[in-house]
Amino acid sequence: MLDSNRTRFLVAVAVLALAVGGSAAVPGGQALVVEDAETGETLLTAPVQEDTTVSVEYMHSVEKTRVLDEYTVRRNGELEMTRMEFESYGWGLPAYADVHKENGSYVFDPEGSWEEVYIKPGHVAGHKLHVGDETYDLVELSDARSVRLHVTNQSVLDAALH
């Protein structure tokens, strides 16, 4: 009888281990990861899927006007820059781009797709990260340290834990 109970217990533990291990290996979707650029520490993991909009909004340090850089998550995990919006021309903004006016802002569709994007959040600029309908304060999240954004695939277990 003792061996029977012990065997059942060991079988239950093995089944549980297989279930957890198996769920860790099964893809659960994509996630946007924000990491400290220097240490690699994960600061934020947000679920995304193909065509999710990820944008960085900040105040231009010289012009003191709003800038929005918008990316779209692609199936291959890249972040495709799909829109840039700014209220006035200034240092670092595209002076010769094919822009149009929309609701008082200059707007254009820049070319480019990246596996990772680096951002240096600043207190003056007040960088905010928008992931779908969620908004995060990048300055507070990173303590104004440089961050690396990239998309990764998550297992079912990772997705359940975040």
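Residues numbered from 1 in each chain as written. Predicted model: local features only at pLDDT ≥ 70, side-chain atom pairs only at ≥ 80, totals over all residues. Heavy atoms only, no water.

## So, the side chain of Glu70
Then, number 1: The residue Glu70 is located in strand β4 (residues 66-73) in this model.
Then, number 2: Buried within the structure, Glu70 lacks any salt-bridge partner; its nearest side chain of opposite charge belongs to Arg83, at an N-O separation of 4.7 Å. (Helix = DSSP H or I, 4+ residues; strand = E, 2+ residues; numbered from the N terminus. Buried < 20%, exposed > 50% of the residue type's maximum accessible area, 1.4 Å probe, protein only. Lys, Arg positive; Asp, Glu negative; His and termini not counted. Salt bridge = Lys/Arg side-chain N within 4 Å of Asp/Glu carboxyl O.)

## A look at the packing of aromatic side chains
Then, number 1: Tallied over the full model, the rule gives 4 aromatic pairs.
Then, number 2: Residues Tyr71 and Trp114 carry aromatic rings whose centres are separated by 6.4 Å and whose planes lie at 80° to one another, so their mutual orientation is edge-to-face. Of this pair, Tyr71 sits in strand β4 while Trp114 sits in strand β8 (residues 113-114), placing them 43 residues apart in sequence.
Then, number 3: By relative accessible area, which is 9% here, Tyr71 ends up buried.
Then, number 4: Judged by relative accessible area, which is 36%, Trp114 ranks as partly exposed.
Then, number 5: Ring geometry for Tyr89 versus Tyr106: centroids 4.7 Å apart, planes at 45°, classification tilted. Highlighted residues: Tyr89 in the loop between β5 (79-86) and β6 (100-102) and Tyr106 in strand β7 (residues 105-108), separated in sequence by 17 residues. (Phe/Tyr/Trp six-rings, centres within 6.5 Å; stacked < 30°, edge-to-face > 60°.)

## Overview of the nonpolar core
Then, number 1: Counting residues in each nonpolar core, the largest one holds 26 residues, and the members touching the most others are Leu32, Leu79, Leu129 and Leu149.
Then, number 2: Listed by contribution, the elements that provide at least two residues to this core are β1 (27-36), β2 (42-48), β3 (53-59), β4, β5, β9 (116-119), β10 (128-131) and β12 (147-155).
Then, number 3: If you tally residues by element for this core, the top one is β5, at 4 residues.
Then, number 4: Residue contacts for Leu79: discarding those within four places in its chain leaves Leu32, Tyr71, Thr72, Val73, Gly112, Ser113, Trp114, Val117, Leu149 and Val151. (Core = buried A, V, L, I, M, F, W, Y, C linked by side-chain atoms within 4.5 Å. Contact = heavy atoms within 4.5 Å.)

## Focus on the environment of Ser61
Then, number 1: Within the secondary structure layout, Ser61 lies in the loop between β3 and β4.
Then, number 2: You can call Ser61 partly exposed: its relative accessible area is 48%.
Then, number 3: The spatial distance from the C-alpha of Ser61 to the C-alpha of Gly122 is 9.3 Å, given a sequence separation of 61 residues.

## Remarks on the pattern of salt bridges
Then, number 1: For the structure shown, the criterion picks out 11 salt bridges.
Then, number 2: Ionic pairing is found between Arg148 and Glu35, a salt bridge with its closest N-O pair at 2.7 Å. Taken together, the positions of Arg148 in strand β12 and Glu35 in strand β1 put the pair 113 residues apart, joining distant regions of the chain.
Then, number 3: Residue Glu35 is classed as buried on the basis of its relative accessible area, which comes to 14%.
Then, number 4: In this structure, Asp51 engages Arg74 in a salt bridge whose closest nitrogen and oxygen atoms are separated by 2.7 Å. Of this pair, Asp51 sits in the loop between β2 and β3 while Arg74 is found in the loop between β4 and β5, placing the two residues 23 residues apart along the sequence.

## Focus on unusual backbone geometry
Then, number 1: One non-glycine residue, Asp143, lies in positive phi territory at about 55°.
Then, number 2: With respect to the element layout, Asp143 can be found in the loop between α2 (138-142) and β12.
Then, number 3: The phi angle at Ala144 is positive, at roughly 60°, despite the residue not being glycine.
Then, number 4: Positionally, Ala144 belongs in the loop between α2 and β12.

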